Amino acid sequence: MTINRKLGQLEETMEILNQRAKTWNLVTISRIQGNIQETILRQSLDIIQYRHPALNSHIINSKKSYYYQSKDTGKLPLQVVNIRESQEWEAVVNAEMNQVIDSNKYLLRVVLVKILNQQNINYLITTTHHAITDGLSSIQLHSEILTYYQKITAGKSIPAVTTLEALPPIEKLLPTWTNSFKSKLGRIALLLDLAFQKYWNQPKTLGVEKYVPISVRRCEIIHRQLSEESTQQFIQQCRQENTTVQSALCAVLMLTVSKQLTKSHEDNIRVSCLSYLDLRRRLQPEISEENMTVLAASLLGFYSITNNIAFWELARKVKHNLNTKIKKGEIFQMIFLAKQLINFSLLFPNQVSATVSVSNVGKVNIPHTYGELELEEISFVGSHGLYAGMFIVHAATFQEKMTLNFVFSQPSLNRSTMEKLVDNCIAYIMEISSHYLIPGGT
């Protein structure tokens, strides 16, 4: 099955970002133990390209509109990179985040990173156009690649691969009420309300240390991972305090930034938080994670940080605020407003969109063994060079450990500033985790 159709509104926005904001793609990183052979990986990639209509297509510009086209789509590019030390994989990710996807040829590229002094450790890095994927589906795709790799190496005959059904534009997957006249009026009201809230609250941000045009901005990753013990303590503490991991991470980032920004005489600081949430389980029928598309929506909230605010009080406020917006249907309405909000960022590139941004896919439910290969870590990061002055994190929990990938736009923020913020943020999480009391314990 092919995907020959006009891009939906959100998909088109992602392609415009890919062209004008240098990159706006999703990079997914797997650390794999075992010997990965390039020739077998190539076969696995060919299978998943055949299986997913989105991967067997590219984007063309015709008559001032964008279209998916399957004919003449190239093979998914595969590059092998050799590095000497394990930590050098971050440099490969940084390079991938800042390289535009050649969308008129393909919508995903792959890098296999081999470590010369640890030949049993590899990194599989995929860079995918954001019009066809989100965090959940990109992680599921890695599992699929490794599953086919396992079958090929085991010499098993692979059954005839069935091509998945091509999905319509995201807007057509949303509840029918979103197309009503009342809903369209509601979107205008929501857009005006967001503008008013931002003007009225004037949230503080990290600001821009050095301004440059969007075309020359770069983004980089700072990678951190919590231990299994700290991860589980943090998650259990969230449950004990009647909040969510998403809300707690929002609170951690906002408090970390506010401590850096607050002056000694200030008792109240206004901040804003951009939360990215999964839409799949909120749709009827539910869309499987294996179907490649972007089904994540952002919700913007404004908060007041006082000197004596309790951490869990703020986390619960975030949870309440998000739940209220979800019940009002804002999570669906924001899909339609994405284009206007992105256009604003492109028109006013010196404006900081929010104080912090949190995207958390939660517990990753995929296997960790694939024959002789073992998946040790998996995480993702968005290439958000456009978003200057924001404190951004992408979180995922796999094998009971939480990975936190912080990304920042340079030179609006320099690396030393970000590393200090990240260290403070991780220390905050560790402090929270250490306070967890085991039920029935002393």
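Now for a quick tour of the structure. Predicted, not measured: the structure shown is a model, and the values here were computed from it.

A look at the overall build of the protein chain
Looking only at helices and strands, the protein chain has ten helices and 15 strands in total. In terms of C-alpha radius of gyration, the protein chain reaches 22 Å, essentially the compact-globule figure of 22 Å for 442 residues. Along the first, second and third principal axes, the C-alpha atoms of the protein chain reach 65 × 55 × 45 Å. A fraction of 81% describes how many contacts in the protein chain between residues 6 or more apart in sequence connect residues 24 or more apart. Accessible surface for the protein chain amounts to roughly 19,400 Å². Of this, 50% is attributable to carbon and sulfur atoms. Of the charged side chains in the protein chain, 45 are positive and 37 negative; the average position of the first set lies 8 Å away from that of the second.

Observations regarding the sheet that holds strand 1 (residues 5-6)
Taken in spatial order, the three strands make up an open sheet running 1-4-3, and their pairing is antiparallel. The strands lining the two open edges of the sheet, one partner per strand, are strand 1 and strand 3 (58-62). Both strand 3 and strand 4 (residues 65-69) contribute to a ladder of five bridges, which runs antiparallel. Bridging across to strand 4, serine 62 finds its partner in serine 65. Lying on the sheet, helix 1 (residues 9-20) is in contact with strand 1, strand 3 and strand 4; it crosses strand 4 at an angle near 100 degrees.

Examining the sheet that holds strand 15 (residues 401-410)
The strand order across the open sheet built from six strands is 8-15-14-11-9-10, with neighbouring strands paired in mixed fashion. On the outer flanks of this sheet lie strand 8 (218-225) and strand 10 (296-306), each paired with one strand and no other. Here the strands of the sheet are splayed against their neighbours by 20 degrees on average, with no regard to which way each runs. Looking at chain direction, strand 9 (residues 268-278) and strand 10 are connected through eleven bridges and run antiparallel. Bridging across to strand 10, aspartate 278 finds its partner in alanine 296. Docked against the sheet, helix 5 (residues 181-201) engages strand 9 and strand 10, running at close to 25 degrees with respect to strand 10. The strands touched by helix 10 (residues 415-434) within the sheet are strand 8, strand 14 (391-398) and strand 15, with strand 15 carrying the most contacts at an inclination of about 155 degrees.

Comments concerning the pattern of salt bridges
All chains considered together, the criterion is met by 17 salt bridges. Residues arginine 415 and glutamate 419 are paired through a salt bridge, measuring 3.0 Å at the closest nitrogen-oxygen approach. Here arginine 415 and its partner glutamate 419 are both found in helix 10, four residues apart, which amounts to about one turn of the helix. On the accessibility criterion, glutamate 419 (32% relative accessible area) is partly exposed.

With respect to the nonpolar core
By size, the foremost hydrophobic cluster in this structure holds 148 residues, and its most contacted members are Phe391, Leu404 and Phe406. When residues of this core are assigned to their parent elements, the largest contribution, eleven residues, is made by helix 7 (residues 245-261). Apart from the residues within four sequence positions on either side, phenylalanine 406 is in contact with Glu220, Ile221, Ile222, Arg224, Phe391, Ile392, Val393, Met418, Val422, Cys425 and Ile426.

Some remarks on the packing of aromatic side chains
Tallying each qualifying case throughout the model produces eight aromatic pairs. Where phenylalanine 311 meets tyrosine 428, the ring centres are 5.8 Å apart and the plane angle is 40 degrees; that geometry is what we call tilted. Of the two residues, phenylalanine 311 sits in helix 8 (residues 311-327) while tyrosine 428 sits in helix 10, which places them 117 residues apart along the sequence. Since its relative accessible area comes to 9%, phenylalanine 311 is described here as buried. Consider the rings of phenylalanine 344 and phenylalanine 348, whose centres lie 4.9 Å apart with planes at 40 degrees: the pair is tilted. Note on phenylalanine 344: relative accessible area 39%, which makes it partly exposed. Counting every residue linked through ring pairs, the aromatic cluster contains Phe311, Trp312 and Tyr428.

Looking at the packing of helix 1 against helix 9 (residues 330-347)
Running from N to C, helix 1 and helix 9 point in directions that differ by 20 degrees, and their axes come no closer than 8 Å. The angle between the axes of helix 1 and helix 9 places the two elements in the roughly parallel class. Crossing geometry of helix 1 relative to helix 9 is assigned as left-handed. For the pair formed by helix 1 and helix 9, the contact residues are Gln9, Leu10, Glu12, Thr13, Ile16, Leu17 and Arg20 on the first element and Ile335, Phe336, Ala338, Lys339, Gln340, Ile342 and Leu346 on the second. Residue composition of the contact of helix 1 with helix 9, grouped by class: eight nonpolar, three polar and three charged.

Quick look at empty space enclosed by the protein
In total, this model carries four cavities of 30 Å³ or more according to the counting rule given. The computed volume of the largest cavity comes to approximately 140 Å³. Here the residues of the lining of the largest cavity sort into eleven nonpolar, three polar and three charged. Here the second largest cavity is characterised by a volume of approximately 40 Å³. Lining the second largest cavity, in full, are Ile29, Arg31, Trp89, Tyr123, His223, Glu377 and Ser379.

Quick notes on the pairing of strand 2 (residues 25-33)
For strand 2, a buried count of eight out of nine residues is recorded, marking the element as mostly surrounded by other parts of the structure. For strand 2 and strand 7 (residues 118-129), the ladder comprises nine bridges, and the chain directions are antiparallel. In the strand pairing of strand 7, isoleucine 29 is matched with isoleucine 125. Pairing analysis gives eight bridges linking strand 2 to strand 13 (residues 373-382), with the strands arranged antiparallel. Considered in strand 13, the bridge of leucine 26 is made with glycine 382.

What counts and how
- Residues numbered from 1 in each chain as written.
- Predicted model: local features only at pLDDT ≥ 70, side-chain atom pairs only at ≥ 80, totals over all residues.
- Heavy atoms only, no water.
- Helix = DSSP H or I, 4+ residues; strand = E, 2+ residues; numbered from the N terminus.
- Rg over C-alpha atoms; globule rule 2.2 N^0.38 Å.
- Contact = heavy atoms within 4.5 Å.
- Areas by Shrake-Rupley, 256 points an atom, 1.4 Å probe, with all protein chains shown as cover.
- Lys, Arg positive; Asp, Glu negative; His and termini not counted.
- Charge placed at Lys NZ, Arg CZ, Asp CG, Glu CD.
- Pairing = 2+ DSSP bridges.
- Axes fitted to C-alpha atoms, helices over the stretch in contact; angles between N-to-C directions.
- Salt bridge = Lys/Arg side-chain N within 4 Å of Asp/Glu carboxyl O.
- Buried < 20%, exposed > 50% of the residue type's maximum accessible area, 1.4 Å probe, protein only.
- Core = buried A, V, L, I, M, F, W, Y, C linked by side-chain atoms within 4.5 Å.
- Phe/Tyr/Trp six-rings, centres within 6.5 Å; stacked < 30°, edge-to-face > 60°.
- Parallel < 35°, antiparallel > 145°, perpendicular 65-115°, else oblique.
- Left-handed = near helix turned anticlockwise from the far one by under 90°.
- Nonpolar A, V, L, I, M, F, W, Y, C, P; charged D, E, K, R; others polar.
- 1 Å grid on protein atoms, 1.4 Å probe; cavity = no way out; pocket = protein on both sides within 12 Å on 5 of 7 lines; lining within 4 Å.
- Points joined across faces, edges and corners; volume = space filled by probe spheres on them.

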